[in-house]
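In case you want the letters, here they are:
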Amino acid sequence: MRIAIVADHNAVPMKARLVDWLAARGHDVDDRGVHDERVVDYPVLCEDLCRRVLSGAADTGVVLGGSGSGEQMACNKIRGIRAALCHDTFLAGIARGNNDATVLVMGAKVIAPDAAERILEVWLDTGFRGGRHHERLAQIAVLERGGSLLGD
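Quick look at the structure, then. (Residues numbered from 1 in each chain as written. Predicted model: local features only at pLDDT ≥ 70, side-chain atom pairs only at ≥ 80, totals over all residues. Heavy atoms only, no water.)

1. Side note on the overall build of the protein chain
Next, step 1: Counting secondary structure elements, the protein chain contains 6 helices and 5 strands.
Next, step 2: In sequence order, the protein chain lays out its α and β elements as β-α-β-α-β-α-β-α-β-α-α.
Next, step 3: Relative to its length of 152 residues, the protein chain is compact, with a C-alpha radius of gyration of 15 Å against a globular reference of 15 Å.
Next, step 4: A principal-axis box enclosing the C-alpha atoms of the protein chain has dimensions of 50 × 30 × 30 Å.
Next, step 5: Across the 152 residues in the protein chain, those meeting the buried criterion constitute 43%.
Next, step 6: Surface accessibility of the protein chain: about 7,800 Å² in total, with carbon and sulfur atoms responsible for 51%.
Next, step 7: Within the protein chain, the 21 negative side-chain charges are centred at a point lying 4 Å from the centre of the 18 positive side-chain charges. (Helix = DSSP H or I, 4+ residues; strand = E, 2+ residues; numbered from the N terminus. Rg over C-alpha atoms; globule rule 2.2 N^0.38 Å. Buried < 20%, exposed > 50% of the residue type's maximum accessible area, 1.4 Å probe, protein only. Areas by Shrake-Rupley, 256 points an atom, 1.4 Å probe, with all protein chains shown as cover. Lys, Arg positive; Asp, Glu negative; His and termini not counted. Charge placed at Lys NZ, Arg CZ, Asp CG, Glu CD.)

2. Looking at the pairing of strand E3 (residues 60-65)
Next, step 1: E3 sits mainly inside the fold: 6 of its 6 residues count as buried.
Next, step 2: With burial as the criterion, each face of E3 is covered, one bearing Thr 60, Val 62 and Leu 64 and the other bearing Gly 61, Val 63 and Gly 65.
Next, step 3: Here strand E1 (residues 2-7) pairs with E3 via 5 bridges, running parallel. Residue pairing in the sheet places Val 6 in a bridge with Val 63 of E3.
Next, step 4: Across 5 bridges, the pairing between E3 and strand E5 (residues 103-107) is parallel. Its bridge partner being in E5, Leu 64 is matched across the sheet by Met 106. (Pairing = 2+ DSSP bridges.)

3. Description of helix H6 (residues 132-144)
Next, step 1: Between its first and last C-alpha atoms H6 spans 19 Å; for 13 residues at 1.5 Å apiece the expected length is 18 Å, and the two agree.
Next, step 2: Just downstream of H6 lies Gly 146, where phi reads positive at about 90°. (Expected span 1.5 Å × (residues − 1).)

4. Quick notes on helix H5 (residues 113-125)
Residues spaced three or four apart along an α-helix point in a common direction, a consequence of the helix completing one turn every 3.6 residues.
Next, step 1: With 13 residues, H5 extends 18 Å from end C-alpha to end C-alpha; this agrees with the ideal 18 Å at 1.5 Å per step.
Next, step 2: For H5, the full list of buried residues reads Ala 115, Ala 116, Glu 117, Ile 119, Leu 120, Trp 123 and Leu 124.
Next, step 3: On the buried face of H5, the contacting elements are E1, helix H1 (12-24), E3, strand E4 (83-85), helix H4 (89-97) and E5. (Contact = heavy atoms within 4.5 Å.)

5. Quick word on the pairing of E1
Next, step 1: The element E1 is extensively covered by neighbouring structure, given that 5 of its 6 residues are classed as buried.
Next, step 2: The pairing of E1 with strand E2 (residues 28-31) spans 4 bridges and is parallel. Following the sheet pairing, Arg 2 is matched in E2 by Asp 28.

6. Focus on the state of the cysteines
Next, step 1: Using the criterion set out here, one finds 0 disulfides in the structure.
Next, step 2: No disulfide involves Cys 75; its sulfur sits 3.6 Å from that of Cys 50, the nearest cysteine.
Next, step 3: You can call Cys 75 buried: its relative accessible area is 0%. (Disulfide = S-S within 2.5 Å.)

In structure tokens form, the structure reads like this:
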């Protein structure tokens, strides 16, 4: 699988560990930065990664920040991206299986590196379940385009 990954200054060590973990499992890893702990603005990193996912240059993306909260917000401003902030394996399974999330966001100040590996493993191993979830994704797309589901 082709996986793009980025981290802000808070998550450089976690990114390095996950890059190695992914490569050891045979994934094609596109490490988009950053590579040192100088303070950076994460929205630029999020846009770069999301555009890679949307273009098909990456099958999925992993965004790492301090909490992951701002990163998730930034990613979800890119039309067509469904970014999920996952701090445990349950959320990762739901995000992929029910929501067909395209970008995994994790907070390096919130979860331990070994937990990040387990979350990423569930993310990669879980496929979209389809079925009734297709309609919900279609509804999310309506909202993304500025439409309404209220029928007013």
